[in-house]
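# A look at the structure
These are the residues of each chain, in order.
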Amino acid sequence: SPVRNFGNAYGYDYIELVQAAKLGIPLDAEKAQLAQRAYEELVDQMAWAGDQKLGVKGLKSYLGDDGIKTRSTAAKLSALTNDALLAFLHGLFADVADATNDARQADTLVLPTKVRDYLVTRRMGSGDGTLTVMQHFMANDPYCKKVVTWNRLKNGGDDFKGTKQHVALAGKIDPMVLRQQIP
């Protein structure tokens, strides 16, 4: 992938500088914080969708390749049984192994925050069990090492593959497979 330089700037106009000097007060960091947030949102958007004009590909263009698989549910999560939720999660990891003839195995589950929160609070059994669905999954899936959240996957990841459902992603997320470097 090509290397591109990105930057961000903010400033104070002459009137703001004079007022701050006359009043003896430091300029607040609000503009700096806004500039930083705008930059971080740009980086997050580019990590997902890339920038065609700059020739930078985003993760969205690699989804479905051998090492990174996605799934979305046809039904709301609350309509699924615990067994169906577990089958959904285990199947996602199995998709990676199957697509690569066991040459690669996913180790990371990436979920929208709302989905992760749902799975870490939904109880196994009749709802009064001691384990949550996520605890059960992590204890019984031999491949999943970590779960991370990324809200770019919510609502189908900007209508990824024509779905408005939340998308779950599994892949081997390490520098040999996937890396994003932002200075």
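For the structure itself, look to the data block above.
This text gives an overview of the structure that appears in the document. On a predicted model such as this, the values are computed, not experimentally measured, just so you know. (Residues numbered from 1 in each chain as written. Predicted model: local features only at pLDDT ≥ 70, side-chain atom pairs only at ≥ 80, totals over all residues. Heavy atoms only, no water.)

### Some remarks on the pairing of strand 4 (residues 108-111)
Burial along strand 4 is two-sided: Thr108 and Val110 and Leu109 and Leu111, pointing in opposite directions, are all buried. Judged from the four bridges that link them, strand 4 and strand 5 (residues 146-149) form a sheet pairing that is parallel. Its bridge partner being in strand 5, Thr108 is matched across the sheet by Lys146. Pairing of strand 4 with strand 6 (residues 167-171) involves three bridges; the strand directions are antiparallel. Counted as the bridge partner of Thr108 is Gly171 from strand 6. (Buried < 20%, exposed > 50% of the residue type's maximum accessible area, 1.4 Å probe, protein only. Helix = DSSP H or I, 4+ residues; strand = E, 2+ residues; numbered from the N terminus. Pairing = 2+ DSSP bridges.)

### Regarding the pattern of salt bridges
Applying the stated criterion across every chain, the model contains two salt bridges. In this structure, the salt-bridge partner of Glu41 is Arg37, at a minimum N-O distance of 2.8 Å. Of this pair, Glu41 and Arg37 both sit in helix 2 (residues 30-49), four residues apart, which is roughly one turn of that helix. A residue is classified by how much of its surface remains accessible, and Arg37, at 56% relative accessible area, is exposed. (Salt bridge = Lys/Arg side-chain N within 4 Å of Asp/Glu carboxyl O.)

### Comments concerning helix 5 (residues 133-140)
Here helix 5 has its buried residues at Val133, Met134 and Phe137. Looking straight down helix 5, one finds that the buried residues subtend no more than 95° of arc, so they occupy a single side. (Arc of directions from axis to C-beta.)

### Quick look at the nonpolar core
In this structure, Phe93, Leu109, Leu111, Leu119 and Phe137 are the most contacted members of the largest nonpolar core, which totals 21 residues. Mapped by element, the contributors of at least two residues to this core are helix 3 (82-99), strand 4, helix 4 (113-121), helix 5 and strand 6. Broken down by element, the residue count for this core peaks at seven residues, all from helix 3. When neighbours within four sequence positions are excluded, Leu119 is seen to be in contact with Leu85, Leu89, Leu111, Thr132, Val133 and Met134. (Core = buried A, V, L, I, M, F, W, Y, C linked by side-chain atoms within 4.5 Å. Contact = heavy atoms within 4.5 Å.)

### A word on the sheet that holds strand 3 (residues 68-72)
Here we have four strands laid out as an open sheet, ordered 3-6-4-5, and mixed in their pairing. Pairing within the sheet leaves two strands with one partner each, and these edge strands are strand 3 and strand 5. Strand-to-strand twist of the sheet, defined as the mean angle between neighbouring strand axes without regard to direction, takes the value 20°. Where helix 3 meets the sheet, its contacts fall on strand 3, strand 4 and strand 6, and the angle it forms with strand 3 comes to roughly 150°. In the packing of helix 4 onto the sheet, contacts are made with strand 4 and strand 5, and the angle to strand 4 comes to roughly 110°. (Axes fitted to C-alpha atoms, helices over the stretch in contact; angles between N-to-C directions.)

### Focus: the packing of aromatic side chains
This model, assessed by the stated rule, comprises two aromatic pairs. Between Tyr10 and Tyr12, the ring centres sit 6.1 Å apart and the planes meet at 90°, which makes this aromatic pair edge-to-face. According to the relative accessible area criterion, Tyr10 is partly exposed, its value standing at 47%. For the pair Phe93 and Phe137, a centre-to-centre distance of 5.8 Å together with 50° between the ring planes defines the contact as tilted. Note that Phe93 is positioned in helix 3 and Phe137 in helix 5, a separation of 44 residues in sequence. Judged by relative accessible area, which is 1%, Phe93 ranks as buried. (Phe/Tyr/Trp six-rings, centres within 6.5 Å; stacked < 30°, edge-to-face > 60°.)

In short, shape yes, function no, at least from these values alone.
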